[in-house]
Amino acid sequence: VRVNVDGGSSELRTVWLDDGVVKLLDQRFLPFEIRIAEAHGLEELAVAIEDMVVRGAPAIGAAAAYGMAQAHLQGIAVHEAADRLRRTRPTGHDLFHALEYMSNAIDAGENPVVAADKYAQEDVDRCRRIGANGAKLIRNGTRIMTHCNAGALATVDYGTALAPMRVAKERGRRFFVYVSETRPRLQGARLTAWELVQEGIDHAIIPDSAAGHFLSRGEVDLVLVGADRIAANGDTANKIGTYMKAVVAKENGVPFYVAAPSSTIDFAIPGGAKIPIEERSPQEVLQFGGSPVAPKESPARNPAFDITPAKYITGFITEDGILRPAELRRTAKLPPLRRRKTTKRKTTKRR
Ligand code: MRU
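Not measured: the values here are computed from a predicted model. Each chain carries its own residue numbering, running from 1 in the direction its sequence is written. This being a predicted model, a pLDDT of at least 70 is required before a residue's local features are given, and a value of 80 or more before pairs of side-chain atoms are given or counted; all residues contribute to the totals for chains, interfaces and linings. Hydrogens and water molecules were not included; the side-chain quantities draw on all heavy atoms of the structure.

Residues of helix α9 (residues 242-251) that are buried: Thr242, Lys245, Ala246 and Ala249. Viewed along the axis of α9, the buried residues span an arc of 100 degrees, placing them on a single side of the element. In α9, those exposed residues whose orientation departs by more than 90 degrees from the buried face are Met244 and Glu251. Glycine 253 lies just past α9 and shows a positive phi near 70 degrees. Summary of the burial criterion: residues with accessible area below 20% of their type's maximum are buried, those above 50% are exposed, and those between are partly exposed, where the area comes from a 1.4 Å probe applied to protein chains only. A helix here means a DSSP run of H or I that spans at least four residues, while a strand means a run of E at least two residues long, and both kinds are numbered starting from the N terminus. Throughout, the arc means the angular range of directions from the helix axis out to the C-beta atoms.

With that out of the way, let us pick up the pairing of strand β12 (residues 256-259). The side chains of a regular strand alternate, first on one face of the sheet and then on the other. Here β12 shows a buried face lined by Phe256 and Val258 and a second buried face lined by Tyr257 and Ala259. Strand pairing is assigned whenever DSSP detects at least two bridges linking the two strands. Two strands pair when backbone bridges link them, and strand β9 (residues 222-225) and β12 are joined in this way by three bridges, in the parallel orientation. What sits directly across from valine 225, in β12, is valine 258. Where β12 meets strand β17 (residues 315-318), three bridges bridge the pair, whose relative direction is parallel. Bridge assignment links valine 258 to a residue of β17, and that residue is phenylalanine 316.

Attention shifts here to the site of the ligand. Surrounding the ligand, one finds 18 residues, the nearest of these being Arg55, Arg89, Asp228, Asn238 and Lys239. Any pair of nitrogen or oxygen atoms within 3.5 Å is treated as a polar contact; in protein, a donor-acceptor pairing is required on top of that, and neighbouring residues in sequence qualify only through side-chain atoms on both sides. At 2.8 Å, a side-chain N or O of arginine 55 approaches an oxygen atom of the ligand. Accessible areas in this description were obtained via Shrake-Rupley with a 1.4 Å probe; residue shielding takes into account the shown protein chains only. Relative to its free-state accessible area of 410 Å², the ligand is covered by the protein chains to the extent of 99%. The pocket occupied by the ligand, as judged from atoms lying within 2 Å of grid points, is the largest cavity. Sorting the residues of the shell around the ligand by element identifies α2 (57-73) and β11 (236-239) as the ones contributing at least two each. Split into classes, the residues belonging to the shell around the ligand amount to eight nonpolar, six polar and four charged. One heavy atom within 4 Å of a molecule or strand is enough for the residue carrying it to be called near that molecule or strand. Cavity means a closed set of points on a 1 Å grid over the protein atoms alone, one where a 1.4 Å probe fits but cannot get out, pocket means an open set with protein on both sides within 12 Å along at least 5 of 7 lines, and lining means a residue has an atom within 4 Å of a point. Just a note on the criterion: a molecule sits in a pocket or cavity if more than half of its atoms are within 2 Å of the grid points. Throughout this entry, Asp, Glu, Lys and Arg are counted as charged residues, while Ala, Val, Leu, Ile, Met, Phe, Trp, Tyr, Cys and Pro are counted as nonpolar. The remaining residues, Gly among them, count as polar.

Working note: a packed helix pair is described by the angle between its axes plus the distance between those axes. Interaxial angles span 0 to 180 degrees and are taken between N-to-C directions of axes, which are lines fitted to C-alpha atoms, for helices over the stretch in contact. In contact at an axis separation of 10 Å, helix α1 (residues 42-50) and α2 are set at 175 degrees when each is read in the N-to-C sense. If you check the angle between α1 and α2, you find them roughly antiparallel. Taking contact as the criterion, the partners of Leu42, Leu45 and Ile49 in α1 are, on α2, Ile60, Ala63, Gly67 and Gln70. Considered class by class, the residues forming the contact of α1 with α2 number five nonpolar, two polar and no charged. In these notes the angle categories are as follows: under 35 degrees is roughly parallel, over 145 is roughly antiparallel, 65 to 115 is roughly perpendicular, and the rest is oblique. Two residues qualify as a contact provided that any one of their heavy atoms is within 4.5 Å of a heavy atom in the partner residue.

Another aspect to go through is the pairing of strand β2 (residues 8-11). Direction of pairing for strand β1 (residues 2-5) relative to β2: antiparallel, over a ladder of four bridges. When the bridges of β2 are listed, asparagine 4 appears paired with serine 9. Between β1 and β2, which pair antiparallel one after the other, the connecting turn spans two residues, and aspartate 6 there sits at a positive phi close to 50 degrees.

Given a rise of 1.5 Å per residue, 13 residues ought to cover 18 Å, and the 17 Å separating the end C-alpha atoms of helix α7 (residues 187-199) matches this to within 8%. Of the residues making up α7, those classed as buried are Gln187, Gly188, Arg190, Leu191, Thr192, Ala193, Trp194, Glu195, Leu196, Gln198 and Glu199. Buried residues belonging to α7 abut β1, β6 (143-147), α6 (163-170), β7 (176-180), β8 (203-206) and β11. Trailing α7 by a residue or two, glycine 200 shows a phi angle of about 70 degrees, which is positive. Multiplying 1.5 Å by the helix residue count minus one yields the expected span of that helix.

Structure (structure tokens):
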């Protein structure tokens, strides 16, 4: 993450291990304060993930990798650490990918700190390749719409949906980004807008409910979002509100791309209906900045993610290139699915 302070600029990762302490760029205080949170043990780290000190599927994965390393240093059994971390946030796949990666590394006798650092570095490398692969979609004048925060803050560094924008900017392209505010936690208004300011990329924050308006008036050329979990058939879980954008984009002939690393793809889940959707506290909806905004008698519902069916997705920008849903298996070095032979159905005459 680029942080511009006092006329200078420095680079920070979202998560790292420092002398046995997991350090996290505390995303709850951005864009107003740069604070570093510390997790001294398993429970503190698990609560930091639940409270969204660190958030975004790949960043949660890396935080869990460091948490596993820290737990091992503190003599906690691998399965105990993995069980606690598995219960933090259910939707994003990177968490489970990281727990498996670290369990395998520890079982194989690898140094867990070295393995966690390697996991984090691999995440950065995947994001850089996503940036290079996706930048070709952004030309001078392209008007992009994004949702939530799929930037450097949501990964170890560099981002997924924001990575192609970073590369396009480095190449001198001029383009514009509509940032939907992303109620109720405002990851768009607080985090994506902040990253775009740091990078000097033109943008405007819009209310979530204005997305259809801009899409229908031909003011958006491309929708570009991240993902929390992609099922084997390409159905994609991402921040609540993504599905509405995808449907309205298709209705208006606007291409809709999902940028995600292979660590987000879950080939064990055949379709979106099986992806667990996290439901967060109603208080996130009933309050705004800590102040109530609704009658105290009113309950609320707060699903954190929705599923966008693969039919609305133009392509996936991955570290292995831009793929159609049917080509996702390439990221796992799996052969393409063989088409089933279509047998003609017997037709019965209607009486
Ligand atoms: O609830 P959050 O902030 O963790 O949700 C994050 C998202 O939905 C992102 O779009 C997704 O994790 C992709 S991040 C590269």
